[in-house]
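These are the residues of each chain, in order.
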Amino acid sequence: MENSNIKLFVILVFLSSLLQLCKASKLRFDGKNGEFRILQVADMHYGDGKTTPCEDVLPEQMHSCSDLNTTAFILRMIHAEKPHLIVFTGDNIFGFDAKDAVKSMNAAFAPAISSNIPWAAILGNHDQQSTLSREGVMKHIVGMKNTLSLLNPPDIPDIDGFGNYNLEVQGIEGSKLANKSVLNLYFLDSGDYSTVPSIPGYGWIKPSQQFWFQRTSTKLKKTYMHNSNAKKAPAPGLAYFHIPLPEYSRFDSSNFTGVRQEGISSASINSGFFTTMVEAGDVKAVFAGHDHINDFCGKLMDINLCYAGGFGYHAYGKAGWSRRARMVVASLEKTGKGGWGAVKSIKTWKRLDDEHLTTIDTQMLWSKSSTGKVLRV
């Protein structure tokens, strides 16, 4: 019996690893313009659709405003920005107001699915407050159409949380980097609430998750820098999770781009993940949600810490302050013979859900001569 259990475990790990490999290899830079475009959708707070009212909108908007406004905003963004990947960074549904978690998730993610665009999701602190546990929510997401989301790394069975995984974005087909990941995306479950009685407040990224991140980062750097077509520096990485790190509180209006209109609702302790990323050296930017009326980006120790700003209409916000989304675009360098090389720059901007889908705060996050300054456009 013991040998049978071991064999079953090995088979399950193999199948899970195969699924992860298949999903991780689906992303590639656009051969026409050398770009990879990511749309971040933070805090949809989806409930039950057209019967779920909006929060914090102008009085004249209230009578016709519902979850369907959130759906319409996603569709507008997809049409305008034509992303290669959509990333949902938690609180995708607002569990207390979702009578059926499966139905709410199906409706919330429907625009991404119907558009046939690859998408990835992580959990926030409200996703599990309906009819499914956190594990159940993430398992449902993993099984949905067009998603690249994964439950957890198969070779670390005791990792904390659900939805810790990475995705690799390969170079342009036919180029020397066609089979290498030139942009690495890390997704982590930042938890919901503390389970330690002596520590109040929100959850945090645990040591087991940091160990996975370190090991994954090291493996990716080794592949990129030491195998065929080796590069001298690591491929840039981006990290996505829901709850902001305590280091977000290190900024004020003099050293960030965007606005801070509420406190930084991070965990009440610092688990050291920012230091872990600094030591790894490949992550150039972090993207969080959670605090809906903060939308700034600031650079600390060569890592940009960014909010997306609140997207969903059933989430709290600020009347008259438009819901918004964050775009991130990585661009490849041109090689001498008209081909494509490694990533040369990563830019970001936000789009407002107003009449014109106004673009604001265009900013260079990283380049080979990084400045972190706002671009005047």
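Conventions used here
- Residues numbered from 1 in each chain as written.
- Predicted model: local features only at pLDDT ≥ 70, side-chain atom pairs only at ≥ 80, totals over all residues.
- Heavy atoms only, no water.
- Axes fitted to C-alpha atoms, helices over the stretch in contact; angles between N-to-C directions.
- Helix = DSSP H or I, 4+ residues; strand = E, 2+ residues; numbered from the N terminus.
- Parallel < 35°, antiparallel > 145°, perpendicular 65-115°, else oblique.
- Left-handed = near helix turned anticlockwise from the far one by under 90°.
- Contact = heavy atoms within 4.5 Å.
- Nonpolar A, V, L, I, M, F, W, Y, C, P; charged D, E, K, R; others polar.
- Disulfide = S-S within 2.5 Å.
- Buried < 20%, exposed > 50% of the residue type's maximum accessible area, 1.4 Å probe, protein only.
- Pairing = 2+ DSSP bridges.
- UniProt positions renumbered as here; feature names shortened; annotations may be inferred.
- 1 Å grid on protein atoms, 1.4 Å probe; cavity = no way out; pocket = protein on both sides within 12 Å on 5 of 7 lines; lining within 4 Å.
- Points joined across faces, edges and corners; volume = space filled by probe spheres on them.
- Salt bridge = Lys/Arg side-chain N within 4 Å of Asp/Glu carboxyl O.

### Focus on the packing of helix 7 (residues 207-226) against helix 8 (residues 273-280)
Between helix 7 and helix 8, the shortest axis-to-axis distance is 10 Å and the interhelical angle comes to 10°. Judged by the inter-axis angle, helix 7 sits roughly parallel to helix 8. Considering the relative orientation of helix 7 and helix 8, their crossing is right-handed. Facing helix 7, whose interface residues are Gln 210, Phe 213, Gln 214, Ser 217 and Lys 221, helix 8 presents Phe 273, Thr 276, Met 277, Glu 279 and Ala 280. Among the residues forming the contact of helix 7 with helix 8, the class breakdown is four nonpolar, four polar and two charged.

### Brief notes about the state of the cysteines
Applying the stated criterion across every chain yields a total of two disulfides. The residue that forms a disulfide with Cys 54 is Cys 65, at a sulfur-sulfur distance of 1.9 Å. Between Cys 54 and Cys 65 the disulfide shows an S-S torsion of about -80°. By sign, it is left-handed. Here Cys 54 is found in the loop between strand 2 (35-41) and helix 2 (59-62), whereas its partner Cys 65 is found in the loop between helix 2 and helix 3 (67-81), with eleven residues between them in sequence. For the pair Cys 54 and Cys 65, one class covers both residues: buried. Covalently, Cys 297 is tied to Cys 306 through a disulfide, its sulfur atoms 1.9 Å apart. Between Cys 297 and Cys 306 the disulfide shows an S-S torsion of about 115°. By sign, it is right-handed.

### Describing the sheet that holds strand 13 (residues 340-352)
As summarised here, the arrangement of the six strands in space is 4-3-2-12-13-14, forming an open sheet in which the pairing is mixed. With one partner strand each, in any of the chains shown, strand 4 (119-122) and strand 14 (359-367) form the two edges of the open sheet. Adjacent strand axes in the sheet meet at a mean angle of 20°, parallel and antiparallel pairs treated alike.

### Quick word on the UniProt feature "domain: Calcineurin-like phosphoesterase" (unreviewed entry) in the protein
Those places that UniProt annotates as "domain: Calcineurin-like phosphoesterase" (unreviewed entry) correspond, in this numbering, to residues 36-293. Structurally, residues 36-293 is divided into 27% helix and 16% strand, and its ends, taken at the C-alpha atoms, are 27 Å apart.

### Some words on the packing of helix 4 (residues 101-108) against helix 6 (residues 134-142)
Between helix 4 and helix 6, whose axes approach to 11 Å, the crossing angle comes to 40°. When the axis of helix 4 is compared with that of helix 6, the two are oblique. The crossing of helix 4 and helix 6 is right-handed. Side by side, helix 4 and helix 6 meet where Val 102, Met 105 and Asn 106 of the first sit next to Val 137, His 140 and Ile 141 of the second.

### Examining unusual backbone geometry
Phi angles above zero are rare outside glycine, and Lys 82 is one such case at about 45°. Positionally, Lys 82 belongs in the loop between helix 3 and strand 3 (85-89). A positive phi angle is found at Met 301, which is not glycine, with a value near 50°. Residue placement: Met 301 occurs in the loop between strand 10 (297-300) and strand 11 (303-307). Judged by its relative accessible area of 52%, Met 301 falls in the exposed class.

### Points about the sheet that holds strand 8 (residues 256-257)
Pairing is mixed in the open sheet, where eight strands are placed in the order 1-5-6-7-9-11-10-8. The outermost strands of the open sheet, each flanked by one partner alone, are strand 1 (27-28) and strand 8. Across two bridges, strand 8 lies against strand 10 in antiparallel orientation. What sits directly across from Phe 256, in strand 10, is Gly 298.

### Remarks on the side chain of Ser 367
Along the chain, the position of Ser 367 falls in strand 14. Those residues within four positions of Ser 367 in sequence are excluded, and the remaining contacts are Lys 344 and Ser 345.

### Observations regarding the pairing of strand 4
Burial along strand 4 is two-sided: the residues Trp 119 and Ala 121 and Ala 120 and Ile 122 are all buried. Sheet analysis places strand 3 next to strand 4, joined by four bridges and oriented parallel. Pairing of Thr 89 across the sheet is with Ile 122, part of strand 4.

### With respect to empty space enclosed by the protein
This structure, assessed with the given rule, holds two cavities of 30 Å³ or more. Here the largest cavity defines a volume of roughly 80 Å³. Ser 190, Gly 203, Trp 204, Ile 205, Ile 243, Pro 244, Leu 245, Pro 246, Ala 267, Ile 269 and Ser 271 are the residues that line the largest cavity. Taken together, the residues of the lining of the largest cavity break down into eight nonpolar, three polar and no charged. By volume, the second largest cavity is sized at about 40 Å³. In terms of lining residues, the second largest cavity is bounded by His 292, Gly 310, Phe 311, Gly 312, Ala 315, Tyr 316, Gly 317, Lys 318, Trp 321 and Arg 323.

### Thoughts on the pattern of salt bridges
Applying the stated criterion across every chain yields a total of 13 salt bridges. A salt bridge links Arg 134 to Asp 189, with the nearest nitrogen and oxygen atoms 2.6 Å apart. Taken as a pair, Arg 134 in helix 6 and Asp 189 in the loop between strand 6 (181-187) and helix 7 lie far apart in primary sequence, 55 residues in all. An identical accessibility class is assigned to Arg 134 and Asp 189; each is buried. With a closest N to O distance of 2.4 Å, Asp 155 and Arg 215 form a salt bridge. Within this pair, whereas Asp 155 is found in the loop between helix 6 and strand 5 (165-170), its partner Arg 215 is found in helix 7, the two being separated by 60 residues in sequence. One salt-bridge network, held together by shared partners, links Glu 35, Arg 37, Glu 81 and Arg 351.

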